Amino acid sequence: MVNMSRLRKICFYIFLLTLCSVIYWKSLICFPGEPSVTPWGAPIVWEGTFNSKEVDRLHYQRGTVVGISVFAVGKYLSKYLIPFLISANRYFMPGLEGVLYVVTDSPSSVPAVSLRPGMTLVILKCPARPRWQDISMMRMKDLQDLVFPLARDQVDYLFCMDVDQVFVSRYGSEALGDLVAQLHSGYYLQRKEDYPYEQDPRSTAFIPLEKVQYYYHASVFGGTIPRLMNLTSSCLRGILEDREKEVEAVWHDESHLNRYLALEDLPSKVLSPEYCWDRRLWLKSPKMRWATKDYENMRE
């Protein structure tokens, strides 16, 4: 004989599990629930807003070559570089030729990594700097001095990325553009009034709140070399002017990057938080995620 009380409990639990699953999937941050275009008409790239086969075919036909510059300095080299390179080799622009520019203060410590056909590793030596803030801010100078002179003849598009990240799925050619900015997933759901823009008017990174549209993450930005040269030149100029006045922007090079993208040159393409995920959002299709942070030990 069937125990009706037990059967009702089983049915109830099945219903509850199904309801929780529906609520979870509907709560995921993804297209089409999220905006896919900026106020100035630039696309915001989410999974579902593009046809991957079509955009890949276009770049295959063009023979597009892509690049990544990644800074692996001090302890960051030993802890993060291998996972970054292995995952980039697997997921970054699959099918396209590319160049990985590793900028480091210790070239001899860069490990040998097996790369796919068409992917090349270039190791560039940068000066050692005592403070992590200077390492972060002066990468704008290192990009100009070390990476761009090579990249202008080797790649069509370049992404500048932090090393403490890992690619977790296809990071494809839909992300390519003349000037590409990355929405900061840590602030994506915040009010504009709570964005950590530089509000000290003494700093060249100062942004009036009425000019605020988005908050971008400096861990990923990209584009063509001419547009990136303009960006890094402006940011470096502001950083050096602040240094002369003994002022330091609240979020260093990221503050200057945000000022440039808000006031000087609006991005032609914006990447959704899927392309740089800090795991505080319920994302349906993440492409790259932050690695586990250990700032106290890594920034000594």
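For the protein chain, the name recorded in an unreviewed UniProt entry is N-acetyllactosaminide alpha-1,3-galactosyltransferase isoform X1, with Pelobates cultripes as its organism. Taken verbatim from the UniProt record of the protein chain, the Sequence similarities (unreviewed entry) comment is "Belongs to the glycosyltransferase 6 family." Taken verbatim from the UniProt record of the protein chain, the Subcellular location (unreviewed entry) comment is "Membrane".

A.B. asks: What am I meant to see in the sheet that holds strand 8 (residues 216–223) here?
C.D. replies: Neighbouring strands of a sheet are bound in pairs by backbone hydrogen bonds; such pairs are parallel or else antiparallel. Strand order in the open sheet formed by eight strands is 1-9-7-8-5-2-3-4, and the pairing between neighbours is mixed. Only two strands of the sheet have a single partner each, and these edge strands are strand 1 (44–45) and strand 4 (119–125). Note that strand 3 (residues 97–104) and strand 4 share seven bridges and pair parallel. When the bridges of strand 4 are listed, L100 appears paired with L121. Helix 5 (residues 139–154) rests against strand 2 (65–71), strand 3, strand 4, strand 5 (157–162) and strand 8 of the sheet, and its axis sits at about 155° to strand 3.

A.B. asks: Explain the UniProt feature "active site" (unreviewed entry) in the protein chain to me, please; I cannot follow it from the model alone.
C.D. replies: Here the UniProt-annotated "active site" (unreviewed entry) positions come out as E254. Within the element layout of this structure, E254 appears in helix 7 (residues 252–263). At a separation of 2.6 Å, a polar atom in the side chain of E254 contacts the side chain of Y215.

A.B. asks: I'm lost on the UniProt feature "binding site: UDP-N-acetyl-alpha-D-galactosamine" (unreviewed entry) in the protein chain in this one. Help?
C.D. replies: Here, UniProt's "binding site: UDP-N-acetyl-alpha-D-galactosamine" (unreviewed entry) annotation points to F71, A72, V73, Y76, D162, V163 and D164. Maximum C-alpha separation among the annotated residues is 11.0 Å over a sequence range of 94 residues, consistent with a single clustered spot. With respect to the helices, strands and loops of the structure, Y76 is situated in helix 3 (residues 75–91). Within the secondary structure layout, V163 lies in the loop between strand 5 and strand 6 (165–167). For V163, the residues in contact, after removing those within four places along its chain, are V70, F71, A72, Y76, Y80, L81 and F84.

A.B. asks: It is not clear to me how the nonpolar core should be interpreted in this structure. Could you clarify?
C.D. replies: Generally speaking, a soluble globular protein has its nonpolar side chains buried in company with each other. By size, the foremost hydrophobic cluster in this structure holds 42 residues, and its most contacted members are Y101, V147, V155, L158, F221, L231 and L261. If one sorts the elements of this core by residue count, helix 6 (residues 225–244) sits on top with six residues. In this structure V147 touches S69, Y101, V103, L124, D142 and L158, once residues within four positions along its chain are discounted. Core analysis: the second largest hydrophobic core is formed by 39 residues, Y76, L77, F159 and A175 among them.

Cut-off values and rules
- Residues numbered from 1 in each chain as written.
- Predicted model: local features only at pLDDT ≥ 70, side-chain atom pairs only at ≥ 80, totals over all residues.
- Heavy atoms only, no water.
- UniProt positions renumbered as here; feature names shortened; annotations may be inferred.
- Pairing = 2+ DSSP bridges.
- Helix = DSSP H or I, 4+ residues; strand = E, 2+ residues; numbered from the N terminus.
- Contact = heavy atoms within 4.5 Å.
- Axes fitted to C-alpha atoms, helices over the stretch in contact; angles between N-to-C directions.
- Polar contact = N/O pair within 3.5 Å; in protein donor to acceptor, adjacent residues only side chain to side chain.
- Core = buried A, V, L, I, M, F, W, Y, C linked by side-chain atoms within 4.5 Å.
- Buried < 20%, exposed > 50% of the residue type's maximum accessible area, 1.4 Å probe, protein only.

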